[in-house]
Amino acid sequence: MTFIEQWLRSDIKNIDAYHVPVSKDMIKLDAMESPFGVPEDLKVEFLKCIEQSEVNRYPEADPSLLKDTLRSLMDIPDEFGILLGNGSDELIQLLALACSKDDLIMSFEPSFVMYELVSKYVNLEYFGVQLDSNFDINLSDALSTIEREKPKIIFIAYPNNPTGNCFDYDAIIEIIKSTNSMVILDEAYYAYSDKSFLSEISNFPNLLVLRTISKIGFAGLRLGLLIGDQETIAQLNKLRLPYNINALTQTSANFLLQDKQRIINNAQIIIEERRRLAHELSLFSKFKVYPSQTNFILVHSEDAYPLHTALKENGILIKGFPKDSKLSDFIRISVSEPVENNILIDAIRNYYGS
Ligand SMILES: *Cc1c(COP(=O)(O)O)cnc(C)c1O
């Protein structure tokens, strides 16, 4: 046995490292990134901002300017508190850190994998309640699981990743009302969805909303936010590492997120492309295309695995799922700008010889 093998917590040995595929020079349709980079007309001014940032100094510890920028971008009422994270992943971890050692974290399956992974990292129990055949919440299953397992935290991705749908709103309200658990509505895709729980925060002390700028054009900045009642946010803020939002992220986000109208317009382009791409995909007889409130589309096909491989060989990266998972016959495609979406459609036509 090597030193690390005998030293390491035994459950960590059994965790598979989070896998990120190599994507250099590929058309990247696997990770829900935005195709829109820094706009040409802003580049000079953007560089000036970067140039002026003092990287020899620690960044502002509690960046109120950045919070104001996010408030205005996402229409977050002043009465709610905001906790910033190095990506929303860090905030999922922070919430898990607030748990005691015998606590359990609950979510739904299939959903965002980080809820379970983070639970494992911090050595907490995790329970995933299966979604029904339409990928919606089975409310009686959820309520009985909550009653039995008494989760400390319930993560609900809204809309859900990787399925793309919003669960039934009233079912979620029932869940929030039924429990003393902290319920986290993860709205990573809020910009592509017409529904949100933001305004419900004032109605329920056990509701927090999680958001990120990753899916609206700024994945590289690593910035997420947890929104909730001021007192709740102030208590959770004690668990945040000082200076978790680095100086270049603060400078960049403060500058780039001012451009609210363009960010909204870009989301609108993606929503329109989502409609078009979903239609194009539905024309392939081997595909079942699922409705989406996000910037990706879930597709069922018995050809999922070979198609994923064939596209990769053609320089297009989409998301496939492990062969042993319930999603092995699915692919998840990020919606991009028209040129890339057309390349994808052509490649699929080629694959089917049509
Ligand atoms: C992409 C995604 C995140 C991760 O966001 P980061 O801010 O990039 O860490 C969180 N939740 C869901 C549901 C996601 O799909």
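Residues numbered from 1 in each chain as written. Predicted model: local features only at pLDDT ≥ 70, side-chain atom pairs only at ≥ 80, totals over all residues. Heavy atoms only, no water.

1. Some details on the overall build of the chain
Then step 1. When helices and strands are counted, the chain shows 13 helices and 12 strands.
Then step 2. Here the C-alpha atoms of the chain give a radius of gyration of 21 Å, agreeing with the 20 Å that 2.2 N^0.38 yields for 354 residues.
Then step 3. The principal-axis extents of the C-alpha atoms in the chain amount to approximately 60 × 55 × 55 Å.
Then step 4. Looking at the chain as a whole, 49% of its 354 residues are labelled buried. (Helix = DSSP H or I, 4+ residues; strand = E, 2+ residues; numbered from the N terminus. Rg over C-alpha atoms; globule rule 2.2 N^0.38 Å. Buried < 20%, exposed > 50% of the residue type's maximum accessible area, 1.4 Å probe, protein only.)

2. A short note on the site of the ligand
Then step 1. Of all residues adjacent to the ligand, which total 14 residues, the nearest are Asp186, Tyr189, Thr212, Ser214 and Lys215.
Then step 2. With respect to the ligand, the side chain of Tyr189 contributes an N or O atom lying 2.6 Å from an oxygen atom.
Then step 3. Arg222 is positioned with one of its side-chain polar atoms (N or O) 2.7 Å from an oxygen atom of the ligand.
Then step 4. A breakdown of the residues in the shell around the ligand according to their chemical character gives 5 nonpolar, 5 polar and 4 charged. (Near = heavy atom within 4 Å. Polar contact = N/O pair within 3.5 Å; in protein donor to acceptor, adjacent residues only side chain to side chain. Nonpolar A, V, L, I, M, F, W, Y, C, P; charged D, E, K, R; others polar.)

3. Observations regarding the pairing of strand 12 (residues 330–334)
Then step 1. With 5 of 5 residues buried, strand 12 is to be regarded as a mostly interior element.
Then step 2. Of the two faces of strand 12, the one holding Phe330, Arg332 and Ser334 and the one holding Ile331 and Ile333 are both buried throughout.
Then step 3. As paired elements, strand 10 (residues 296–300) and strand 12 share 5 bridges and run antiparallel to each other. Considered in strand 12, the bridge of His300 is made with Phe330.
Then step 4. Where strand 11 (residues 316–320) and strand 12 come together, 2 bridges link them in antiparallel fashion. In the sheet register, Lys319 faces strand 12, and the bridge partner there is Arg332. (Pairing = 2+ DSSP bridges.)

4. A look at the environment of Ile270
Then step 1. Structurally, the position occupied by Ile270 is in helix 11 (residues 260–282).
Then step 2. The class of Ile270 is buried, set by a relative accessible area of 2%.
Then step 3. On a C-alpha basis, the gap between Ile270 and Ser34 in space is 8.6 Å, while along the polypeptide they are 236 residues apart.
Then step 4. When near neighbours in sequence (up to four residues on either side) are disregarded, Ile270 contacts Pro35, Phe36, Tyr192, Asn295, Val335 and Ser336. (Contact = heavy atoms within 4.5 Å.)

5. Some details on helix 8 (residues 169–178)
Then step 1. Three or more residues of helix 8 are buried, namely Tyr169, Ala171, Ile172, Ile173, Ile175 and Ile176.
Then step 2. Buried residues belonging to helix 8 abut strand 3 (104–109), helix 7 (139–149), strand 5 (153–157), strand 6 (182–186) and strand 7 (207–212).
Then step 3. Residue Asp168 occupies the N-cap position of helix 8, its side-chain oxygen lying 3.4 Å from the main-chain nitrogen of Asp170.

6. Points about the pairing of strand 11
Then step 1. Where strand 1 (residues 27–29) lies against strand 11, 3 bridges are found, and the strand directions are parallel. Opposite Lys28, over in strand 11, you have Leu317 as the bridge partner.

7. Side note on the domain arrangement of the chain
Then step 1. What the domain assignment lists for the chain is domain 1 (3–30 + 261–352) and domain 2 (73–258).
Then step 2. Summarising the inter-unit geometry, the C-alpha centres of domain 1 and domain 2 are found 23 Å apart.
Then step 3. When domain 1 packs against domain 2, the two sides together hide about 2000 Å² of surface, and 64% of this comes from carbon and sulfur.
Then step 4. Sorting the residues of domain 1 by area buried against domain 2 places Tyr18, Ile263 and Gln293 first, and these three jointly supply 31% of that buried surface.
Then step 5. Seen at the junction of domain 1 and domain 2, the total is 0 salt bridges.
Then step 6. The interface formed by domain 1 and domain 2 contains 7 residue pairs in polar contact (both at pLDDT 80 or more).
Then step 7. Broken down by element, the residue count for the side of domain 1 that touches domain 2 peaks at 5 residues, all from helix 11.
Then step 8. For the side of domain 1 that touches domain 2, the per-class residue count stands at 13 nonpolar, 4 polar and 5 charged. (Domains from an automatic or database assignment. Buried area = accessible area lost by both parts, 1.4 Å probe. Salt bridge = Lys/Arg side-chain N within 4 Å of Asp/Glu carboxyl O.)

8. Some points on the UniProt feature "domain: Aminotransferase class I/classII large" (unreviewed entry) in the chain
Then step 1. Under the present numbering, the feature "domain: Aminotransferase class I/classII large" (unreviewed entry) in UniProt falls on residues 24–348.
Then step 2. Within residues 24–348, the helical portion is 37% and the strand portion 18%, while the C-alpha atoms at the span's ends are 21 Å from each other. (UniProt positions renumbered as here; feature names shortened; annotations may be inferred.)

9. A word on helix 11
Since the α-helix turns once every 3.6 residues, residues separated by three or four places project in the same direction.
Then step 1. In this model, helix 11 (23 residues) spans 33 Å end to end at C-alpha, consistent with the 33 Å of a helix rising 1.5 Å per residue.
Then step 2. Inspection of helix 11 places Ile263, Ala267, Ile270, Glu273, Arg274, Leu277, Glu280 and Leu281 among the buried residues, and these make up the whole buried set.
Then step 3. Summarising the contacts, the buried residues of helix 11 are in contact with helix 4 (64–74), helix 10 (247–256), strand 9 (288–289), strand 10, strand 12 and helix 13 (338–352). (Expected span 1.5 Å × (residues − 1).)

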